[in-house]
Amino acid sequence: MTKLHVSTTINGEPAEFLCEPYDTMLDALRGPLGLTGSKEGCASGDCGACSITLDDRLVCSCLMLAAEAEGHELRTIEGMAHGDKLHPLQQKFLEMAALQCGICTSGMLVASDALLQKNPRPSEEEVRFWLAGNLCRCTGYDKIVRAVLETATDMREQGIREFRQ
Amino acid sequence: MNVITNNKWIGQRTIRPDGADKVTGRAAFAADTTMPGMIWGKVLRSPHPHARIKSIDTSKAEALPGVKAVVTSRDIVDFPIDKSVMLGIQDMRWMCRNVMAREKALFPGHPVAAVAATSEAIAARACELIEVEYEVLPWSVEIEDALLPGAPILHDFMKFEGKPSNIGGRIEVKKGDIAEGFAAAEIVIERSFATRPVHQGYIEPHACLISVGADNKTTIWSSSQGQFMVRAMTAYLTGIPQSDIRAIPAEIGGGFGGKTIVYLEPLATLLAKKSGRPVKMVMTREEVMRATGPTSGSKSTVKIGATRDGKIVAAQGTFYLQAGALPGSPIRGAVGCSFSPYDIPHVLSVGFDVLSNRSKVAAYRAPGAPIGAYAVECVLDELAEALKMDPLALRLKNAAKQGTKAAHGPVFPRIGYIETLEAAKAHPHYTAPLGKLQGRGVASGFWFNAGGESSAQVNITEDGNVVVTTGHPDIGGSRAAIANICAELLGIDYRRVSVLIGDTATIGFSNLTGGSRVLFASAMVVTQSTDKVIATLRERAAKIWEIDPEAVKWENGAAHPASPNAGQFEPLTLAELAAKAPQMGGPIGAGVQLNTEGAEGGFGTHICDVEVDPELGIVRVIRYTAVQDVGRAIHPGYVEGQMQGGVAQGIGWALNEEYIYNKDGKVDNPGFLDYRMPVCSDLPMLDTVMVEVPNPKHPQGVKGVGEVPLVPVMAAVANAVHNALGKRFYSLPMSPPKVLEVIEG
Amino acid sequence: MTDIQYLSPRTLDEAISAFAAAGSAARIMAGGTDLLVQMRSGAVRPGLIVDIKKIAEMTTIEETAEGGFRVGAAVPGAVLAEHPRFGKVWPGVLEAVNLIGSTQVQGRASAGGNLCNGSPAGDSVPAMIAAGAVVTLQGPNGRREMPVENVPAGPGRTNLLPGEILVSFTLPPRPKGASDAYLRMIPRTEMDIAVVGVGVSLTLKDGVCTTARVGLGAVAPTVLLVEAAAKALIGSKLDDAALNAAASACSAACRPIDDKRGTIAYRTKVAGVLLKRTAAIAAQRAAGGN
């Protein structure tokens, strides 16, 4: 059985890889693409640690076939910072201790960024329901929610609408 | 003890030194690592809860193209039943049977063989080709079934009171005379409780990458709570000497006690040795849920007697905890901690370790204590209600303090339990108004905390900064706290201190990350190492100034003359002394290795508000305040984080988490869909109050904080639900169907 | 998993050819949020995956000439939510589709996939049934239509013929004073499979219920259309007596099982409770004059 050849765009740059037809996008990211920032917690779409965006839409990369990436635009945790300049969410997570072990953090940040892109003024309830698909076992979510709300305020006050390469 | 009070860094919310990599996806967890030539390992697991293994034929698997090695229990060192070999608290007789079934498969998911092949798909296919002949045996999962007369006995060698039994052990803690105690009681409440097994729920599955050279030199990357434990267990189980194994702790994606033993490492090591290739093994979520130890299910009975004025005179507890397929449930925690917050003259606390055909239990955050506290704190709530006393007032009246002989034996030194009760009572949460169908509950809890071995190395770089190497995996932000301490002692900016976790080759022996001991132990050795470095720096300055080292003081990152009498000299900074190091005596650094002592237990008092939907039986936690005596909050953000994390786990345990078994004895919910941990929208903000009563036996007053927060939670939630509904709950989880049943009588 | 082929045809005819030719070894893939989970667990081992997301008719939302909606079967819930008008006309259908899974899942999961997966607990199905949706199917023998409530055949099974693909849902035009709602009972606040799901669509004229349809999920081998519950509501002012009667009808229609998500007794009770709450929301929306 021959592998599929996929051409796609990841974090604004062209990328290509070989994969099996049954490989998920998460398999492709962590395998041939060497982008191990997205994590596998469950491989069944229940934990969100593999979150990426597909054409600016938040999805679980474990619930997408790698083959589907052809011709689309993907963004992963590796594309959030600009060189050594952290995204405001990343900086705020560090300042507010919104992570402990860090395994859920990639997914949380990608998901939170997707929220703020869609809704720059979320309420606490909106943040909590948006992030319901991102499991965290260490923090009890408190500091994560606070960090997202504060970053939303900061970004509005500084007139930052998006933070893209 | 010299607790630093004029703090620049201790008590500050600094940025953790490992943070940038964690928020950019760069931090290397075990499954992120690769090595050239790497192949993949997979495990074949028993489908049966209990079966004799009559034969295993691996020939077809070995013949499959791409398969490089196959391992069975024959390859694993046997520890004979008649001789206990302890590694910490783990008995290697059980460990060697847990990592792979020997004579019998003891639970569904028990490893029976392992394969390494050039792709995951081939390894999985090879497992399907292994032919195992099983003689299926009767089984039991639940405690009550395992204890029935005629229940299938898991191990012929296990005897209790002279007869073959599924009781793996019994322990007891006694104080005074329990009969005398109850005779003096004017009110006695006795209740029985049941809890289900729950999993630690770490989001990162177990993973390792292991390479074994032709000379046996072995390198292990793994997700674990202790690289020294990994090295030792792997050595014991594979026969490779410890000195030939280098165990490197990868960043760990959650453990909570569940990663204080090994599952994959011995198998991957043997596969790597046999194949001559590095082997990577990663568990699926289903494997984690089926085959790694959740904590015990339990059946407990607690009886408390008091006089009408609220003084508790007698307390008795009997705790049956599920061990799983091999001995070792955390009865010590249930028996030893549950009554410890109270000064009770007569106590009898007994625990039974009950074996059954489910996976062997693994430690879970204050192992055993949350189970015991659930029962005791609920009975205390009933007692308060019967005596028409405020529940916090009842606890204050009986609170343990300095000088109290704890139920589990020691005499308490200066502790902070009363402070937590008073802080809870004074907190606005305690008197905030409640709405319709809302209720409030309180509960307290205690956990021993541990000390133990730790090593550290503090080295000054040639450019005058600091590298600290410690020995414990960081699961809660300990690197941040260590940076705060070292920077404080040296009087320099915390960003000039790099904190790394060494592996077994680069740092001295350090015991597990667990027992709420990492900061306690590592802070002690880092402090001593830094003190030695400071002594060296003073000597170097003294040499340069040609005065006595006694006349030199170290302050704000530089050496100064201790007084005008010592002479007029410009301060010598850390950078200046580092630059002169080669000429002035050599490298500046010091290491300390200790078996640290002086760890003190911790206490928590929690307040929980719930709202109930009485038509659907749904309980939601709407407000939560956790008060804890934390010793000294070196980095408040990460101490709060430990408290909030423990509370969230306890809420899950109280309301929705449970292992569900089907009629074939298999786990029916081995995934995050139906093993229902709290999601973001399930919880409110979790408020914390850190009461600082410094540990007098620690240079910075540090006390362990990680485990206490789980202990009071289930009782706090259960007591709140009672306050909302007027009905008591004697079993967990309080899931909607069970709540509705109780509401409807 | 070996010998799997992946195709992403651009036309329905291509898709049907390939799908029909592969027989039972093939699976249609829309959002993949059920399929990939089943493949990973080994429950499903397809020889061919036909990805239909490049087929225009399956991924677009149109307003029909009569004033109804035609929603492509593969339209993700998140895309449906962004339509300027759909959610105003069918808030119940929209909320049902967007209760499936997490935000991430809603970015991909579709009503078509949810229906064809055949789970009795699929969130979108009770709402679609209550809405009176009609599905368009196309297969080797051509195109046909079917009321949505006739699609489920049992757990994991549908009444689609071999080679047939679900193309779109057609929702009827709404009279004034009509609205709908969907509620489910789950133990947490999100991320659970429905223990009971209720969809209610109704019309109010001068406070009197003139039309009603009730869909009930997770309490039988298929999602149910509960005509007796609707009958109890029609002609009433949705007073307590009418709501109680409809609730009892729902409880009576239950044929649930005891499983890891709920017991027979619990589901039967909750079906009635949810009916009342769902009908109340639908009525409030209908009276609110959307």
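Caption draft 1: Representation of the overall build of chain A within the structure. Of regular secondary structure, chain A possesses five helices and five strands. For 165 residues, the compact-globule formula gives about 15 Å, and the C-alpha radius of gyration of chain A, at 16 Å, lands near that figure. Looking at chain A as a whole, 65% of its 165 residues qualify as buried. Considering only intrachain contacts with a sequence separation of at least 6, the fraction spanning at least 24 residues in chain A is 56%. Measuring between centres, the 16 positive side-chain charges of chain A sit 7 Å from its 24 negative side-chain charges.

Caption draft 2: Structural detail: the overall build of chain C. The number of helices and strands found in chain C is 12 helices and 14 strands. Each of the three principal axes of chain C carries a C-alpha extent, and together these read 60 × 45 × 35 Å. When burial is assessed residue by residue, chain C has 55% of its 290 residues classed as buried. The positive charge centre, built from 29 side chains, and the negative charge centre, built from 24, are 4 Å apart in chain C.

Caption draft 3: The side chain of Arg137 of chain A, seen in detail. Here Arg137 of chain A shows up in the loop between helix H4 (124-130) and helix H5 (142-157). One polar contact links Arg137 of chain A to Tyr364 of chain B, side chain to side chain, over a distance of 3.4 Å.

Caption draft 4: Spotlight on the packing of aromatic side chains. According to the stated counting rule, one finds 20 aromatic pairs over all chains in the structure shown. A ring pair is formed by Phe412 of chain B and Phe603 of chain B, whose centres lie 5.6 Å apart and whose planes are at 70 degrees; its orientation type is edge-to-face. Here Phe412 of chain B is found in the loop between helix H12 (391-397) and helix H13 (417-426), whereas its partner Phe603 of chain B is found in strand S28 (residues 602-613), with 191 residues between them in sequence. Taking relative accessible area as the criterion, Phe603 of chain B reaches 0% and is therefore assigned buried. Look at Trp447 of chain B and Phe448 of chain B: their rings are 4.9 Å apart centre to centre, the planes differ by 55 degrees, and that puts the pair in the tilted class. The same class applies to Trp447 of chain B and to Phe448 of chain B, which are both buried. An aromatic cluster is defined as three or more aromatic residues linked by ring pairs; in this entry it consists of Tyr342, Phe412, Tyr417, Phe446, Trp447, Phe448 and Phe603 of chain B. A cation sits over an aromatic face here: Arg174 of chain C above Trp90 of chain C, 3.8 Å from the ring centre.

Caption draft 5: Spatial organisation of the environment of Val112 of chain B. Residue and element names in this part refer to chain B. Position of Val112 relative to the elements: it lies in strand S7 (residues 111-117). Residue class for Val112 comes out buried when judged on its relative accessible area of 1%. Among residues more than four places away in sequence, those in contact with Val112 are Leu44, Arg45, Ser46, Ile53, Ile56, Thr72, Met100, Val132 and Tyr134.

Caption draft 6: Spatial organisation of unusual backbone geometry. Residue and element names in this part refer to chain B. Each neighbour pair has its own omega, and for Leu732 with Pro733 the value is -5 degrees, a cis peptide bond. Looking at the element boundaries, Pro733 is found in the loop between helix H20 (713-725) and helix H21 (736-743). One non-glycine residue with positive phi stands out, namely Asn449, at about 65 degrees. If you trace the backbone, Asn449 turns up in the loop between strand S20 (438-447) and strand S21 (452-460).

Caption draft 7: Molecular detail of the domain arrangement of chain A. All names here are of chain A. One can read the domain layout of chain A as domain 1 (4-79) and domain 2 (88-157). Centre-to-centre, using C-alpha coordinates, domain 1 lies 21 Å away from domain 2. For the pairing of domain 1 and domain 2, the buried interface totals around 920 Å² over both sides, and the portion due to carbon and sulfur atoms is 66%. Remark: the boundary between domain 1 and domain 2 carries four residue pairs in polar contact (both at pLDDT 80 or more).

Caption draft 8: Representation of the interface of chain A and chain B. The interface of chain A with chain B comprises 43 residues on the first partner and 52 residues on the second. Summed over the three residues of chain A that lose the most area to chain B, namely Leu94, Gln100 and Arg137 of chain A, the buried surface amounts to 22% of that side. On the surface where chain A and chain B come into contact, there are five salt bridges. For the salt bridge of Lys143 of chain A with Glu640 of chain B, the shortest nitrogen-to-oxygen distance reads 2.5 Å. For the pair chain A and chain B, the interface holds 21 residue pairs in polar contact (both at pLDDT 80 or more). Residue assignment for the side of chain A that touches chain B shows that the elements contributing at least two residues are helix H2 (88-95), helix H3 (105-118), H4 and H5 of chain A. Looking at the side of chain A that touches chain B residue by residue, the classes come out as 20 nonpolar, 11 polar and 12 charged.

Caption draft 9: Looking closely at the interface of chain C and chain A. With 28 residues of chain C in contact, the opposing surface of chain A contributes 30 residues. Buried area between chain C and chain A, summed over both chains or domains, comes out near 2,300 Å², and the portion from carbon and sulfur atoms is 63%. Area buried by chain C at its contact with chain A is led by Tyr6, Thr103 and Gln104 of chain C, which between them contribute 28% of it. On the surface where chain C and chain A come into contact, there are five salt bridges. Between Glu68 of chain A and Arg108 of chain C there is a salt bridge; the shortest N-O distance is 2.9 Å. Taken together, chain C and chain A are joined by eight residue pairs in polar contact (both at pLDDT 80 or more). For the side of chain C that touches chain A, the secondary structure elements donating two or more residues are helix H2 (35-41), strand S3 (48-51), helix H4 (77-81) and helix H7 (103-106) of chain C. Top element by residues in the side of chain C that touches chain A is H2 of chain C. It accounts for four residues. Here the residues of the side of chain C that touches chain A are counted per class, giving 12 nonpolar, nine polar and seven charged.

Caption draft 10: Highlighting the environment of Glu550 of chain B. All names here are of chain B. Among the structural elements, Glu550 can be located in the loop between helix H16 (518-545) and strand S24 (552-555). Exposure remark for Glu550: the relative accessible area of 65% places this residue in the exposed category. Considered as a pair, Glu550 and Arg538 are 12 residues apart in the sequence and their alpha carbons are 8.3 Å apart.

Caption draft 11: Molecular detail of the sheet that holds strand S2 (residues 26-29) of chain C. Residue and element names in this part refer to chain C. Read from one edge of the open sheet, three strands run S1-S3-S2, paired in parallel fashion. The outermost strands of the open sheet, each flanked by one partner alone, are strand S1 (5-7) and S2. Each neighbouring strand pair of the sheet contributes to a mean axis angle of 20 degrees, computed without reference to strand direction. Pairing geometry for S2 and S3, over four bridges, is parallel. Its bridge partner being in S3, Ala26 is matched across the sheet by Leu48. Its contacts with the sheet put helix H1 (residues 12-22) on S1, S2 and S3, and the angle it makes with S3 is roughly 160 degrees.

Caption draft 12: Geometry of the nonpolar core. In terms of nonpolar packing, the biggest core is built from 188 residues, with Phe93 of chain A together with Leu383, Val610, Tyr624, Ile651, Val717 and Met734 of chain B touching the most fellow members. Of all the elements, helix H11 (residues 369-386) of chain B adds the most residues to this core, at 11 residues. Leave out the neighbours within four places in its chain, and Tyr624 of chain B touches His429, His606, Ile607, Cys608, Val647, Ile651, Met685, Leu686, Asp687, Val713 and Ala716 of chain B. Within the second largest apolar cluster, 46 residues are counted, among which are Leu12, Leu48, Val71 and Ala127 of chain C.

Caption draft 13: Spatial organisation of the sheet that holds strand S29 (residues 618-629) of chain B. All names here are of chain B. One open sheet accounts for four strands, arranged S20-S28-S29-S30; its pairing is mixed. Single-partner strands in this sheet number two, and they are S20 and strand S30 (686-691). In this sheet, neighbouring strand axes are inclined to one another by 20 degrees on average, regardless of whether the strands run parallel or antiparallel. Relative to S28, S20 is paired through 10 bridges, and the arrangement is antiparallel. Residue Ala443 lies in a different strand from S28, and its bridge partner there is His606. Docked against the sheet, helix H19 (residues 636-655) engages S28, S29 and S30, running at close to 130 degrees with respect to S30.

Caption draft 14: Geometry of H11 of chain B. Residues and elements named next belong to chain B. Its 18 residues place the ends of H11 25 Å apart at the C-alpha level, agreeing with the 26 Å of an ideal helix rising 1.5 Å per residue. Within H11, 16 of the 18 residues are buried, which leaves the element mostly enclosed by the surrounding structure. Downstream of H11 by one or two residues, Lys388 has phi in the positive range, about 55 degrees.

Caption draft 15: View of the pattern of salt bridges. Summed over the entire model, instances satisfying the criterion amount to 68 salt bridges over all chains. In this structure, the salt-bridge partner of Glu382 of chain B is Arg191 of chain B, at a minimum N-O distance of 2.8 Å. With Glu382 of chain B in helix H11 and Arg191 of chain B in strand S12 (residues 187-195), the pair connects residues that are 191 residues apart, well separated along the chain. Among the residues examined, Glu382 of chain B registers a relative accessible area of 9% and is labelled buried. Among the residues examined, Arg191 of chain B registers a relative accessible area of 29% and is labelled partly exposed. Note that Glu62 of chain C is salt-bridged to Arg70 of chain C, the shortest N-O span being 2.7 Å. Residue class for Arg70 of chain C comes out partly exposed when judged on its relative accessible area of 31%.

Conventions adopted
- Residues numbered from 1 in each chain as written.
- Chains lettered and ligands numbered in written order.
- Predicted model: local features only at pLDDT ≥ 70, side-chain atom pairs only at ≥ 80, totals over all residues.
- Heavy atoms only, no water.
- Helix = DSSP H or I, 4+ residues; strand = E, 2+ residues; numbered from the N terminus.
- Rg over C-alpha atoms; globule rule 2.2 N^0.38 Å.
- Buried < 20%, exposed > 50% of the residue type's maximum accessible area, 1.4 Å probe, protein only.
- Contact = heavy atoms within 4.5 Å.
- Lys, Arg positive; Asp, Glu negative; His and termini not counted.
- Charge placed at Lys NZ, Arg CZ, Asp CG, Glu CD.
- Polar contact = N/O pair within 3.5 Å; in protein donor to acceptor, adjacent residues only side chain to side chain.
- Phe/Tyr/Trp six-rings, centres within 6.5 Å; stacked < 30°, edge-to-face > 60°.
- Lys NZ or Arg CZ within 6 Å of the ring centre and 35° of its normal.
- Domains from an automatic or database assignment.
- Buried area = accessible area lost by both parts, 1.4 Å probe.
- Salt bridge = Lys/Arg side-chain N within 4 Å of Asp/Glu carboxyl O.
- Nonpolar A, V, L, I, M, F, W, Y, C, P; charged D, E, K, R; others polar.
- Pairing = 2+ DSSP bridges.
- Axes fitted to C-alpha atoms, helices over the stretch in contact; angles between N-to-C directions.
- Core = buried A, V, L, I, M, F, W, Y, C linked by side-chain atoms within 4.5 Å.
- Expected span 1.5 Å × (residues − 1).

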